[in-house]
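# Fold and geometry: a report
Below, each chain spelled out in residue letters.
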Amino acid sequence: MNHWSLGFDIGGTKIYGALFHWDKSIPTCVHEITLPTEREKGYPHFLSKMAEIITMLCDQGNILPHDLRKIALALPGSIDPESKIMLSGNTPMLVGKNIHEDLKSHLNFSPSLAFDCENDGNCFALAEVHHGVGLKFQSETGIHPEKQHALGIVLGTGVGGGIILHGKIYNGHRGGAMEVGHTVLVPGGVPCYCGRNGCAEQYLSGLALEREYFELTGVKKRALEILTSHDDPAALQVKKDYFHYFLNFVANLVNFFDPHYIVLGGSLSKHKEFYSFFDKNLGDHCFLPNTQIPIYPFHLNHTAGALGSLLRKI
Ligand SMILES: [Zn+2]
């Protein structure tokens, strides 16, 4: 049956909203909007802005809000599955808030409209399994997305991720599963905003690459420029360290979850060397013999988080 829904990907700097039209189980993004989060203006402003975007997207699609079947949000933090409160994240304005309930009452939703919130890394992984990389994997192996185990890792300004088991998000007891950016890679290392030292995010994010390069050279260079450099000795050193950390990080996750495949998202994942490097080296760092886990770049573009937020069955 055809229907409409709205998915959002909420970041610390941008809000992305998309209107999806569903033809049975096939979604098509028909309209989209990206606006600054303006987190400095506070939480009530955020709620008003969301209401404004919902109206704008419905207007663009020439539909009314009550034509929507579902509104869902991918959020930059851990969402408690019971209370729906965002327990942690890198956008303080949203931490401790029940965005689920606050938006529902702010927008005065009809009781029949479904509403959902989920961690953005989980949403990315879920969308890729069911509408992106997972379809390619199915065509190669015959394994249906509902049977797939997949690991999504998002490398951007931070490091996030999601684990999909049997085609569904595994988000743990309090929504904190796969907060992999805050597993310690270097004991006693760089302080992290979460309160620990040496977290993966402090070594594997784009900001971390830029910081390492700056500390070595006193020069500012963008993360992707550092990764793609072939003749700058400092960039090559930073890149070598980065790949060393990332290989250990991924091998640890593979030893935990033994997924069918890994999908990388975020701005850094566009760097092609990741894939040749891991095809060559990952197996040697995993416990099981003959480990050859495919590692893919994302297939869906910027829509993955918003789409994934809509895919959970609630
Ligand atoms: Zn941390």
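Residues numbered from 1 in each chain as written. Predicted model: local features only at pLDDT ≥ 70, side-chain atom pairs only at ≥ 80, totals over all residues. Heavy atoms only, no water.

### Side note on the overall build of the protein
Test applied: A helix here means a DSSP run of H or I that spans at least four residues, while a strand means a run of E at least two residues long, and both kinds are numbered starting from the N terminus. Throughout, radius of gyration means the C-alpha value; the globule benchmark is 2.2 Å times the number of residues raised to the power 0.38. Each residue is assigned to one of three classes by its accessible area relative to the maximum for its type, calculated with a 1.4 Å probe on protein chains only: buried under 20%, partly exposed between the two thresholds, exposed over 50%. Residue contacts are counted whenever heavy atoms from the two residues lie within 4.5 Å of one another.
Across its full length, the protein carries ten helices and twelve strands. Its C-alpha atoms give the protein a radius of gyration of 20 Å, near enough to 20 Å, the size a compact globule of 314 residues would have. In terms of overall dimensions, the protein has C-alpha extents of about 55 × 50 × 35 Å along its principal axes. Residues classed as buried in the protein amount to 51% of the 314 residues present. Sequence separation of 24 or more characterises 60% of the internal contacts of the protein that already satisfy a separation of 6 or more.

### Quick look at unusual backbone geometry
One non-glycine residue, Glu38, lies in positive phi territory at about 55°. Counting through the fold element by element, Glu38 comes out in the loop between β3 (26-36) and α1 (43-60). A positive phi is found at Met178, a non-glycine position, where the angle reads about 65°. If you trace the backbone, Met178 turns up in the loop between β10 (168-169) and α5 (201-204). Residue class for Met178 comes out buried when judged on its relative accessible area of 8%.

### What about the coordination of the zinc ion?
In a perfect tetrahedron of four donors around a metal, the angles come out at 109.5 degrees. In a perfect octahedron of six, they are 90 or 180 degrees. What counts, and what does not: Coordination shells were defined by N, O and S atoms within 2.8 Å of each metal, extended to 3.2 Å for Na, K and Ca; water is absent from the atom set, which can make sites look incomplete. Only four donors with every angle between 85 and 135 degrees are called tetrahedral; only four or six donors with opposite donors over 155 degrees apart and all others between 65 and 115 are called square planar or octahedral, in that order; all others are irregular.
The zinc ion binds to the protein through His182 (ND1), Cys192 (SG), Cys194 (SG) and Cys199 (SG), with metal-donor distances spanning 2.1 to 2.4 Å. Every donor counted, the four donor atoms about the zinc ion form angles of 102 to 119° at the centre, which fits tetrahedral coordination. The motif formed by the donor residues of the zinc ion, counted along the single chain, is H-x9-C-x1-C-x4-C. Of this pair, His182 sits in the loop between β10 and α5 while Cys192 sits in the loop between β10 and α5, and the two are ten residues apart along the sequence. The exposure class of Cys192 is buried, given its relative accessible area of 9%.

### Description of the pattern of salt bridges
Convention followed: When a carboxyl oxygen of Asp or Glu lies within 4 Å of a side-chain nitrogen of Lys or Arg, that pair is called a salt bridge.
Counting across every chain of the model gives ten salt bridges. The closest approach of N and O atoms between Glu140 and Lys136, which form a salt bridge, is 3.0 Å. With Glu140 and Lys136 both in helix α4 (residues 133-141) and four residues apart, this pair spans about one turn of that helix. Of the residues examined, Glu140 reaches a relative accessible area of 48% and is grouped as partly exposed. Its salt-bridge partner being Asp232, residue Lys221 comes within 3.0 Å of it at the nearest N-O pair. Placement of the pair is Lys221 in the loop between α6 (206-217) and α7 (223-228) and Asp232 in the loop between α7 and α8 (233-257), with a sequence separation of eleven residues. On the accessibility criterion, Lys221 (21% relative accessible area) is partly exposed. Note on Asp232: relative accessible area 14%, which makes it buried.

### Some words on α1
Put simply, the rule reads: A helix is expected to reach a length of 1.5 Å times the quantity of its residues less one.
Here α1 contains 18 residues, and its C-alpha end-to-end distance of 26 Å stays within 8% of the 26 Å for a straight helix at 1.5 Å per residue. At its buried positions, α1 is contacted by β1 (3-10), β2 (14-23), β3, β4 (68-75) and α2 (99-107). Just downstream of α1 lies Asn62, where phi reads positive at about 55°.

Limitation: the analysis is restricted to geometry and does not speak to function.
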